Amino acid sequence: MVQLPRARRLLRPLTSRAALLSRISPRLALLLPLLLASKLAVHLAARGKRAGGSTVSSAERQQLIAELRAEVSAPLPHAIGGETLDADTYQRFLQVHGWSLPKAAAMLSKDIEWRKRVRPRALRPRHMPAACSQRGWVVLMRHQGSGNLTEDEPSPPEAAAAHSGRPAYLPTLRIGHYFGRGKGGGGRSLHPPHTKPPLAHWVYTRHGMPVTYVNVRAWHPERFTSRDECTRFCAYHMEHYIRRMPVRRGRRVQRACILISLSGFKASMVPHVCECIQVLRRHYPGRLGVACLYNTPSYWYPFWRIFCGLFDEEIMSKVHFLPASVADVAGAMAWVDKQQLHAFL
């Protein structure tokens, strides 16, 4: 509860305006309770967040992680596709629920059942040929000794921007290839490759986060063979993120960066976007470091209201709409590298 002296301080500026409002217009005076309620609600929310973040000490966190491990035991790696649930996994599920043990246990139990069914760590591009044959979701990498653009790379205008003094991501930026043809992929190489191609290097932000670029115009989820393919495709990309996470300052990076160019967004994409959001929220909590949206069309915002309802507070705090001056991958990377972001838990 708000202490009485604090409540009085909050009330004072509003009550002093009440008499003036009543003299000007009785209808305006009726807005006073709403203004007061809003101000108190904001104050209580902020105060609750500060208290929630400061009441869980490091020792208590370790105790909660141990209790969650005892309540939800880790399955054998082969049962969920080869991955191991470590202490960081338990910590991520606790953090997104404000260190609430019952909520984290319920969410983690459902996640383990999902992993037994989907086995995301064992997924390969050949399991999602229709999705991986597209170039809508691109894992950014550099190729040594290559300054020429290929047909799969960003357009020449973006490369020209990079040569004009902007950060040099694009002159050597190439989309990796899956060296071999995937079944059902229409004879086209599948992306992203499960292993890093020779002479290639993954692209990272200044903070150490791996980067995936989503070109909405080149993404056609309506061509997927099933809804499960969309789920598997999103899970495969998240696992690809995790494999690319480097060790910085003696610690493994835990979060990832996604750049999304919204030009060409279509209403038919809404259910597929919702599915991807659910995969991220339910099965990869705390993995998103930053999501940058740019090239936003004027008709985007009604759809954004739909997606906002699916985001939890943790994900919502990582989403950024970039300035209109940002129009390509190089500009988005430059914007990200200027921000103070947290790549660790």
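Below or above, wherever it landed, is the structure these notes cover. (Residues numbered from 1 in each chain as written. Predicted model: local features only at pLDDT ≥ 70, side-chain atom pairs only at ≥ 80, totals over all residues. Heavy atoms only, no water.)

### Notes on the layout of surface pockets
So, step 1. Estimated volume of the second largest pocket: approximately 260 Å³.
So, step 2. Within the residue set of the lining of the second largest pocket, elements represented by two or more residues are helix H5 (87-95), helix H6 (101-118) and helix H9 (227-244).
So, step 3. For the lining of the second largest pocket, the leading source of residues is H5, giving 4 residues.
So, step 4. Grouping the constituent residues of the lining of the second largest pocket by class yields 6 nonpolar, 3 polar and 10 charged. (1 Å grid on protein atoms, 1.4 Å probe; cavity = no way out; pocket = protein on both sides within 12 Å on 5 of 7 lines; lining within 4 Å. Points joined across faces, edges and corners; volume = space filled by probe spheres on them. Helix = DSSP H or I, 4+ residues; strand = E, 2+ residues; numbered from the N terminus. Nonpolar A, V, L, I, M, F, W, Y, C, P; charged D, E, K, R; others polar.)

### Section: the pattern of salt bridges
So, step 1. Taken as a whole and assessed by the stated rule, the structure comprises 9 salt bridges.
So, step 2. The residue arginine 115 makes a salt bridge to aspartate 111 at a minimum N-O spacing of 2.9 Å. Taken together, the residues arginine 115 and aspartate 111, both in helix H6 and 4 residues apart, mark about one turn of the helix. The pair arginine 115 / aspartate 111 is uniform in exposure class, with both members buried.
So, step 3. Among the ionic pairs, glutamate 222 bridges to lysine 266, the shortest N-O distance being 3.7 Å. Highlighted residues: glutamate 222 in the loop between strand S4 (211-215) and H9 and lysine 266 in the loop between strand S7 (256-261) and helix H10 (270-283), separated in sequence by 44 residues. (Salt bridge = Lys/Arg side-chain N within 4 Å of Asp/Glu carboxyl O. Buried < 20%, exposed > 50% of the residue type's maximum accessible area, 1.4 Å probe, protein only.)

### Some details on the nonpolar core
So, step 1. Membership of the largest hydrophobic core comes to 67 residues, with the highest contact counts inside it found for Leu259, Phe265 and Phe307.
So, step 2. Residue contributions to this core peak at 8 residues, all from H9.
So, step 3. Setting aside its immediate chain neighbours within four residues, phenylalanine 307 contacts Phe265, Val270, Val273, Cys274, Ile277 and Trp300. (Core = buried A, V, L, I, M, F, W, Y, C linked by side-chain atoms within 4.5 Å. Contact = heavy atoms within 4.5 Å.)

### Focus on the pairing of S7
So, step 1. Counting buried residues in S7 gives 6 out of 6 residues, a clear majority hidden from the surface.
So, step 2. Of the two faces of S7, the one carrying Ala256, Ile258 and Ile260 and the one carrying Cys257, Leu259 and Ser261 are both buried.
So, step 3. Sheet topology note: the S4/S7 ladder contains 5 bridges and is parallel. In the strand pairing of S7, tyrosine 213 is matched with leucine 259.
So, step 4. As paired strands, S7 and strand S8 (residues 288-294) are joined by 6 bridges and run parallel to one another. (Pairing = 2+ DSSP bridges.)

### What about H9?
So, step 1. With 18 residues, H9 extends 26 Å from end C-alpha to end C-alpha; this agrees with the ideal 26 Å at 1.5 Å per step.
So, step 2. Buried residues dominate H9, accounting for 14 of its 18 residues. (Expected span 1.5 Å × (residues − 1).)

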